[in-house]
Amino acid sequence: MRAVTPADAHTIAAHRYPDARDLPERPAYAAWVAGAIRDGLYLGFLLEGGPEVIAGAGVTLLHWGPTRGDPQPWRARVVNVWTHPDHRRAGHARTLVTACLDAVRSRGITRVSLGSSDMARPLYGALGFTASTHEMTRVLD
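As the structure is a computational prediction, the values presented were derived from the model and not from experiment.

### Examining helix 2 (residues 26-38)
In this model helix 2 runs 18 Å from its N-terminal to its C-terminal C-alpha over 13 residues, within 8% of the 18 Å that 1.5 Å per residue would give. Taken together, the buried positions of helix 2 are Tyr-29, Ala-30, Val-33, Ala-34, Gly-35, Ala-36 and Ile-37. Looking at the buried residues of helix 2, the elements they touch are helix 1 (9-16), strand 2 (42-49) and strand 4 (74-83). Residue Gly-40 follows helix 2 closely and has a positive phi angle near 80 degrees.

### A short note on the sheet that holds strand 5 (residues 112-114)
One open sheet accounts for five strands, arranged 1-2-3-4-5; its pairing is mixed. Every other strand in the sheet has two partners, leaving strand 1 (2-3) and strand 5 as the edge strands with one partner each. Relative to strand 5, strand 4 runs parallel, the two sharing three bridges. Across the sheet, Val-78 pairs through a bridge with Leu-114, a residue of strand 5.

Rules used throughout
- Residues numbered from 1 in each chain as written.
- Predicted model: local features only at pLDDT ≥ 70, side-chain atom pairs only at ≥ 80, totals over all residues.
- Heavy atoms only, no water.
- Helix = DSSP H or I, 4+ residues; strand = E, 2+ residues; numbered from the N terminus.
- Expected span 1.5 Å × (residues − 1).
- Buried < 20%, exposed > 50% of the residue type's maximum accessible area, 1.4 Å probe, protein only.
- Contact = heavy atoms within 4.5 Å.
- Pairing = 2+ DSSP bridges.

Here it is in structure tokens:
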């Protein structure tokens, strides 16, 4: 396992947008993530099996501001958790997400969120994440 660098931006973008229909999305995300890594706002880890990346996970740091009961102004969001289909169910995602949690914990960040697929929900639950019934979203025109 190793920490990501800006040179890994295209790999991370492929993890975020793995489907062929998403290819047009990759360049913009790769450019953003390379800058976010340089600025310390994206932390991540890749697991390699020989010369290939077989799994990855990242976390975006968000300057949120202090909230009731938590004066710490930063939040983190786990993103881009991906494992090659040939290497799933081997604990790689757990290892990488745990590394992300350790990285944000070492920075004093205490609030971490993520979006989950149905397949990943048991993993995240085992890592201590709980479902929220309070969040809503809206896309503005």
